[in-house]
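Coordinate inspection notes
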Amino acid sequence: MTDTHRRSGLAGTAALCPPAFPVPGSGGHEKICRVRPAVNDDLEAMFRCFRTTLRKHVEPAFGWNEERQRAGFALKFNREEWAVLTVDGVFGGLAWMECGDEWALRLISIQPEYQSLGIGQSWLQYIQARAREEKRRVRLKVFQTNHGARRLYERLGFHAAAEHEHMHELVFEPECV
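Just so you know, these numbers come straight off a predicted model, no measurement behind them.

**Quick notes on the overall build of the protein chain**
Helix and strand counts for the protein chain come out as six helices and eight strands. When the helices and strands of the protein chain are listed from N to C terminus, the series reads α-α-β-β-α-α-β-β-β-α-β-α-β-β. Taking 177 residues into account, the globule formula puts the C-alpha radius of gyration at 16 Å, and the protein chain, at 16 Å, falls close to it. Per-residue burial over the protein chain gives 46% buried out of 177 residues. For the protein chain, long-range pairs separated by at least 24 residues make up 59% of all intrachain contacts whose partners lie at least 6 apart in sequence. Accessible area of the protein chain: about 9,200 Å², with a carbon and sulfur share of 49%. Averaging the coordinates of the 24 positive side-chain charges in the protein chain and doing the same for the 23 negative ones gives two points 1 Å apart.

Structure representation (structure tokens):
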């Protein structure tokens with residue numbers, strides 16, 4: 001655990017793992033979403049999810065070299081900060097969050113077949129509730145081309161903090177900060 005994690009009293013995956021929560025399924029049957037700490041065996045599925053959902057934003061901004069992207073992804077992987085989202089026990093997405101004096105949501109990616117079920121929104125609302133309890137800001141960056149994600153973040157109370165060449169930087173500031 002890093003000094004930043006010690007100061008906050010909360011490791012990344014602790015903030016990432018809410019109790020199980022229901023999401024709508026087909027035919028009116030609810031599915032159960034769980035968030036758990038990532039393990040080394042998750043790395044390949046996590047990278048595939050990242051590639052599937054974010055390549056369309058990464059490639060125009062920075063280019064896409066499969067080997068470089070894969071190596072960079074593996075280099076950033078830290079089990080204390082990464083989590084896997086499952087839907088009825090099946091891999092449904094990933095999240096990477098650094099928790100220090102200020103929390104940084106580095107990545108959230110939901111598999112296409114599980115998008116628009118409220119998984120990302122439910123998880124973000126849980127993170128916001130924890131941020132209020134811990135008196136922490138949550139900061140994130142979203143690609144300028146990812147309009148749907150930006151709308152979701154703004155609906156949840158994130159506001160513009162800075163503009164970068166290819167990214168919008170947004171922040172959630174709980175009233176208690």
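**Examining the environment of Tyr114**
As for its placement among the helices and strands, Tyr114 is situated in the loop between strand E5 (103-110) and helix H5 (119-134). Between the alpha carbons of Tyr114 and Gly92 there is a distance of 6.4 Å; along the sequence they are 22 residues apart. With near-sequence residues (within four places) excluded, Tyr114 lies in contact with Val87, Val90, Phe91, Gly92 and Ile119.

**Here's the deal with the nonpolar core**
Core analysis: the biggest nonpolar cluster contains 32 residues, and Leu16, Trp103, Ile119, Trp123, Ile127, Tyr153 and Phe158 have the highest contact counts within it. The dominant element in this core, judged by the number of residues it contributes, is H5, at five residues. Look past the residues within four positions of Phe158 in its chain and what remains in contact with it is Gln128, Val138, Leu140, Tyr153, Leu170, Val171 and Phe172.

**Things to note about the pattern of salt bridges**
Tallying each qualifying case throughout the model produces twelve salt bridges. For Arg36, the salt bridge identified is with Asp42, shortest N-O distance 2.8 Å. Residue Asp42 is classed as buried on the basis of its relative accessible area, which comes to 9%. Glu44 is the partner of Arg70 in a salt bridge, and the nearest nitrogen-oxygen pair spans 2.6 Å. Taken together, the residues Arg70 in helix H4 (residues 66-76) and Glu44 in helix H3 (residues 43-62) connect sequence positions 26 residues apart. Under the relative-accessibility criterion, Arg70 is labelled partly exposed at 30%.

**Let's talk about the state of the cysteines**
Applying the stated rule across the entire model yields zero disulfides. Left unpaired, Cys17 is separated from the closest cysteine sulfur, that of Cys99, by 10 Å. Considering cysteine sulfurs only, Cys17 is the nearest to Cys33, which forms no disulfide, with 11 Å between them.

**What about the packing of H3 against H4?**
In the contact formed by H3 and H4, the axes pass within 11 Å of each other and the chain directions differ by 125°. With respect to their mutual orientation, H3 and H4 come out oblique. The two elements H3 and H4 cross, and the hand of that crossing is right-handed. Contacts from Leu43, Glu44, Met46, Phe47, Phe50, Arg51, Arg55 and Val58 in H3 reach Glu66, Gln69, Arg70, Phe73 and Ala74 in H4.

**Observations concerning the pairing of strand E7 (residues 159-163)**
Judged from the four bridges that link them, E7 and strand E8 (residues 167-172) form a sheet pairing that is antiparallel. Within the sheet, the bridge partner assigned to Ala160 lies in E8 and is Leu170. The hairpin turn running from E7 into E8, its antiparallel successor, is three residues long.

Conventions used here
- Residues numbered from 1 in each chain as written.
- Predicted model: local features only at pLDDT ≥ 70, side-chain atom pairs only at ≥ 80, totals over all residues.
- Heavy atoms only, no water.
- Helix = DSSP H or I, 4+ residues; strand = E, 2+ residues; numbered from the N terminus.
- Rg over C-alpha atoms; globule rule 2.2 N^0.38 Å.
- Buried < 20%, exposed > 50% of the residue type's maximum accessible area, 1.4 Å probe, protein only.
- Contact = heavy atoms within 4.5 Å.
- Areas by Shrake-Rupley, 256 points an atom, 1.4 Å probe, with all protein chains shown as cover.
- Lys, Arg positive; Asp, Glu negative; His and termini not counted.
- Charge placed at Lys NZ, Arg CZ, Asp CG, Glu CD.
- Core = buried A, V, L, I, M, F, W, Y, C linked by side-chain atoms within 4.5 Å.
- Salt bridge = Lys/Arg side-chain N within 4 Å of Asp/Glu carboxyl O.
- Disulfide = S-S within 2.5 Å.
- Axes fitted to C-alpha atoms, helices over the stretch in contact; angles between N-to-C directions.
- Parallel < 35°, antiparallel > 145°, perpendicular 65-115°, else oblique.
- Left-handed = near helix turned anticlockwise from the far one by under 90°.
- Pairing = 2+ DSSP bridges.

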